[in-house]
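Single-letter residue listing:
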Amino acid sequence: MQLYLDTANIDEIREVSEWGILSGVTTNPSLLAREGRDVKDVIEEIAELVAGPISVEAISTRAEDMVAEGRELVKLGDNVAVKIPMIPEGLKAVARLSAEGIACNVTLVFSSGQALLAARAGAAFVSPFVGRLDDIGADGIGLVRDVVEVFAYHDIETSVIAASLRHPRHVMESALAGSDIATVPYGVLESMVAHPLTDSGLERFLSDWESLQRAVKPEI
Ligand code: E4P
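The rules behind these values
- Numbering of residues begins from 1 in every chain and follows the order in which that chain's sequence is written.
- A pLDDT threshold of at least 70 governs which residues receive local features in this predicted model, and a stricter bar of 80 or more applies before side-chain atom pairs are shown or counted, although totals over entire chains, interfaces and linings include all residues.
- Computation of side-chain values covers all heavy atoms of the structure but excludes hydrogens and water.
- Throughout this document, a residue counts as near a molecule or strand when at least one of its heavy atoms sits within 4 Å of that molecule or strand.
- Here a polar contact is taken to be a pair of N or O atoms separated by no more than 3.5 Å, where protein atoms must pair a possible hydrogen donor with a possible acceptor and residues adjacent in sequence count only if both atoms sit in side chains.
- Per-residue and other accessible areas were derived by the Shrake-Rupley procedure at a 1.4 Å probe size, with only the shown protein chains allowed to occlude residues.
- Residues are sorted three ways: Asp, Glu, Lys and Arg are charged, Ala, Val, Leu, Ile, Met, Phe, Trp, Tyr, Cys and Pro are nonpolar, and all the rest, Gly among them, are polar.
- Put simply, a nonpolar core is a bunch of buried Ala, Val, Leu, Ile, Met, Phe, Trp, Tyr and Cys residues held in one set by side-chain atoms that sit within 4.5 Å of each other.
- Only protein chains enter the accessibility calculation, which uses a 1.4 Å probe. A residue is then buried if its area is under 20% of the maximum for its type, exposed if over 50%, and partly exposed in between.
- Think of it this way: any DSSP run of H or I at least four residues long counts as a helix, any run of E at least two long counts as a strand, and we number them from the N terminus.
- Contacts are assigned to residue pairs with any non-hydrogen atoms lying within 4.5 Å of each other.
- Here, axes are lines fitted to C-alpha atoms. For helices the fit covers the stretch in contact, and angles between N-to-C directions go from 0 to 180 degrees.
- Put simply, angles under 35 degrees are roughly parallel, angles over 145 are roughly antiparallel, angles from 65 to 115 are roughly perpendicular, and the rest are oblique.

A.B. asks: Lay out the site of the ligand in plain terms, naming residues and giving numbers.
C.D. replies: Taken together, the residues surrounding the ligand are Asp6, Thr26, Asn28, Lys83, Phe129, Arg132, Ala163, Ser164 and Arg166. One of the side-chain nitrogen or oxygen atoms of Arg166 is found 3.0 Å away from an oxygen atom of the ligand. When the ligand sits alone it has 350 Å² of accessible area, and the protein chains cover 85% of it. For the shell around the ligand, a count of residues per class yields two nonpolar, three polar and four charged.

A.B. asks: Now, about the nonpolar core: what can you tell me, with residues and values included?
C.D. replies: One finds Leu5, Val25, Ile46, Ile84, Val126, Phe151 and Val184 to be the most contacted residues of the largest nonpolar core, which totals 58 residues. For this core, the leading source of residues is helix 8 (residues 140-153), giving six residues. Apart from residues no more than four positions distant in its own chain, Phe151 is found in contact with Ala115, Leu116, Ala119, Val126, Ile156, Thr158 and Val160. In this structure, Tyr4, Ala81, Phe125 and Ile161 belong to the second largest nonpolar core, which totals five residues.

A.B. asks: Give me the packing of helix 1 (residues 10-18) against helix 3 (residues 39-49): which residues, what numbers.
C.D. replies: Remark: helix 1 packs on helix 3, axes separated minimally by 10 Å, with the N-to-C direction vectors making an angle of 5°. Judged by the angle between their axes, helix 1 and helix 3 are roughly parallel. Every residue of helix 3 that contacts helix 1 at Ile10, Ile13, Arg14 and Ser17 is listed here: Val42, Glu45, Ile46 and Leu49. Of the residues contributing to the contact of helix 1 with helix 3, the split by class is five nonpolar, one polar and two charged.

Here it is as structure tokens:
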């Protein structure tokens, strides 16, 4: 499973790209609003830092306008994928943009039926939202598992991006469900890196090393 960062924050992207684990980035209007910067500048900066796909959302709700937005968004970087909401107008836009060779990521997917429709319209990616389903007492990871199974059963090449992930368990359950990609907030990646036994183990190694240095240090 590939790991994408779910953010529009340049510092977070720069830091994680140095970890050597980053295969792409997903943004959305809320994440971009949090940065309070010109969207074009932000996306161009991300495109310089990340070689893999960068999802940027069209904010129109009419197919015609989404198509026009998509055509503009891909000018910001070769690797820009246009995020399109899972609505009938969105499907029309995906059909047209994908016919032009523009990669689309269908977002706000909450059922396997929606995922199948998005894939058949030509989406390169579909994003089932795990956390938001869990929030209403539904089974977010179950949705990822179902979408992966339907796509495998019918040889559908659309990639599944497990999205709206809230904690490391969501990430690893997405991996076990067979998701192609997980898009992960920075804070969740930080939690995945950390383990108290790693910290205490490292502290012990370093202090033992110090003791050894003191023991073998020649007396002056
Ligand atoms: C996915 O591409 C979305 O940007 C994101 O995962 C939404 O997550 P949220 O439910 O935490 O807002």
